[in-house]
Amino acid sequence: MKVTTAIAQILKKEGIEFLIGYPVNPIIEGAAEADIRTIMVRQERIGLHMCDAVAKVTSGDKIGVFVMQHGPGTENAFGGVAQSFGDSCPVVVLPAGYARNINQVHPNFNAALNFRHVTKSSEQVTVADATVEALRRAFTTVKNGRPGPVLVEFPTDILRDEVPDTLVAEYKPAPRLKSGPDPRSVSQIAEALVAAQRPIIHVGQGVHYAKAWPQLRALAELLEAPVMTTLGGKSAFPESHPLSLGSGGIGIGEHLWHFLQNADFIFGIGCSFTRSSFATAIPKGKKIAHATLDPYAINKDVPVDLAAVGDAGLTLDAVLEEVKDRLKGKTRDRLASVSREIAGHREEWLGKWKHRLTADTAPISPYRVVWDLLHTVDVNNTIITHDAGSPRDQISPFWVSDTPLSYLGWGKTTQLGYGLGLAMGAKLANPDKLCINFWGDAAIGFTGMDFETAVRERLPILSILSNNFSMAIELKVMPISTEKYRSTDISGNYADFAKALGGYGERVTEPGQIKEAIKRGIAQTREGKPALLEFITEKATDVSRFP
């Protein structure tokens, strides 16, 4: 059979239900012939963002596959793959490549060579018979270890070649494997957790990929220890729980800051402790235990006292059993006092922000948009994501997520416009959920045309747009260029833009209109039409930031 047919057959064996791509790659036709749904985007980056979301909302059970044209298509896709790599998303990327007789000749772009620094593995198939084993390696790599993208490049002439049917028939889906931590490491961490007077559990998205939410909650409740998450880990622990400190990032609650500064032991699980401008810094001088799937992350940015390497679920299982044994299954009656301390600081913090969350002013406070959205949607049946910049910092501290994978947080790398693709991919994988992206006028400038993809591909998402006609977050750092050349001014009528692309669009200028507009937007999504609600907001630069 042709190589394109062989690839499609292997994708089906791996349980791939849809193939996302743009604009021309023979694999697309092969997939369509095999009844794999093909989805065409308007730019390569959005397709990869959709693949990221498919993995995120299924804990990696479903793998997104993206294909693109050789040359400019591969070049354009680099940013999307880099985002997948930075955000640890398992994606299979299958670019076409220049024919073998010219694929090493300048200036032809060689994907296998150029993507090596933003993939877990990157190879080029050089003979047709290697197709099956290359894909076996790719799927085994993408399903195991720290999540990340893998790439297999197929030169265009190979895609027209033949591969023996028997090789394809013998293909078996790649296994998913888990490894657990060293029992000695577990014992040391459990001992330190029990001994700590003010421990904090610091949770990353590894808990999501391990589906270890019940074990996390059980451990927190047994230890009566407060829990904070990274942006990627947000929703791994119910944020209405009395032990929740909410999520980290630039924007955080005062209760999180207070407990982090006063902790005597921090247990990081399923996180990388990566030092980033978009992550809450770990205070120096704290005793830290780090349990993660990736040994490379240990001592990378934060010096640790104790460490364990393994799947977050298996690690939490083991730590939980050790802690139960040490506590003889009993708690130490700390829950009431710890909960009161959390609630006291949280309520005081919210009190300071209530005037922004309920502001009855025009232009509208973006915090009022967040607050009214939170109190209008069915939060437990919603998947929401922020975008880069102000939308991230405005929504993440105040949005209360109780259901695992109901909030797609990110921040290792912060490409503007990422949220649209995440919402579309989330809807693709969870058609019964209300899927929302919260973005700004800068983000829509990067990926807005792919709102048409949502219309065309029948992905009825709800886009909440904060339009302040400015890159407001940059006003303080670009005063001269703004004054002389209006460098931070950006604008548009995005509600009309959404209508022009075949969706529902509505512009909202008064705070009293917010909730009813949201209800109308949700109604449109239920009718199968993507909706964009454009809120005319103030040039807000205030963020719940500490110190």
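Scroll up to find the structure this text is about.
Residues numbered from 1 in each chain as written. Predicted model: local features only at pLDDT ≥ 70, side-chain atom pairs only at ≥ 80, totals over all residues. Heavy atoms only, no water.

The next thing to look at is the overall build of the protein. The number of helices and strands found in the protein is 22 helices and 18 strands. Taken over C-alpha atoms, the radius of gyration comes to 24 Å for the protein, in line with the 24 Å a tight globule of 547 residues would show. Summarising its shape, the C-alpha atoms of the protein cover approximately 70 × 60 × 45 Å along the three principal directions. Long-range pairs, those at least 24 residues apart, make up 75% of the contacts in the protein with a sequence separation of at least 6. Total accessible area on the protein stands at roughly 21,000 Å², and carbon and sulfur atoms take up 52% of it. Put simply, the protein has 59 plus and 60 minus side-chain charges, and the middle of one group is 3 Å from the middle of the other. (Helix = DSSP H or I, 4+ residues; strand = E, 2+ residues; numbered from the N terminus. Rg over C-alpha atoms; globule rule 2.2 N^0.38 Å. Contact = heavy atoms within 4.5 Å. Areas by Shrake-Rupley, 256 points an atom, 1.4 Å probe, with all protein chains shown as cover. Lys, Arg positive; Asp, Glu negative; His and termini not counted. Charge placed at Lys NZ, Arg CZ, Asp CG, Glu CD.)

This part takes up the sheet that holds strand β16 (residues 462-467). Pairing within the open sheet is parallel, and its six strands lie in the order β14-β13-β15-β16-β18-β17. Because the sheet does not close on itself, it has two edges, and the strands there are β14 (407-408) and β17 (504-508). Pairing between β16 and strand β18 (residues 531-536): six bridges, direction parallel. By the bridge assignment for β18, Leu462 is matched with Ala531. Lying on the sheet, helix α17 (residues 418-429) is in contact with β13 (382-385), β14, β15 (434-440) and β16; it crosses β15 at an angle near 175°. The sheet contacts of helix α22 (residues 514-526) involve β15, β16, β17 and β18, and relative to β18 the element is tilted by about 165°. (Pairing = 2+ DSSP bridges. Axes fitted to C-alpha atoms, helices over the stretch in contact; angles between N-to-C directions.)

It is worth spelling out the nonpolar core at this point. Residues Ile201, Val207, Leu219, Phe267, Ile269 and Val323 are the most contacted members of the largest nonpolar core, which totals 55 residues. Val54, Trp410, Leu420 and Leu428 belong to the second-largest nonpolar core, a separate cluster that totals 50 residues. (Core = buried A, V, L, I, M, F, W, Y, C linked by side-chain atoms within 4.5 Å. Buried < 20%, exposed > 50% of the residue type's maximum accessible area, 1.4 Å probe, protein only.)

Reading across from one edge, β9-β8-β7-β10-β11-β12 is the order of the six strands in this open sheet, with parallel pairing throughout. Each edge of the open sheet carries a strand with a single partner, namely β9 (244-247) and β12 (306-309). Recorded for the sheet is a direction-independent mean angle of 15° between the axes of neighbouring strands. With five bridges joining them, strand β7 (residues 199-203) and strand β10 (residues 265-269) adopt parallel strand pairing. Within β10, the residue paired with His202 across the bridge is Gly268. In the packing of helix α9 (residues 183-195) onto the sheet, contacts are made with β7, β10, β11 (288-292) and β12, and the angle to β12 comes to roughly 135°. Those strands touched by helix α13 (residues 312-327) are β10 and β11, and its axis lies near 140° from that of β10.

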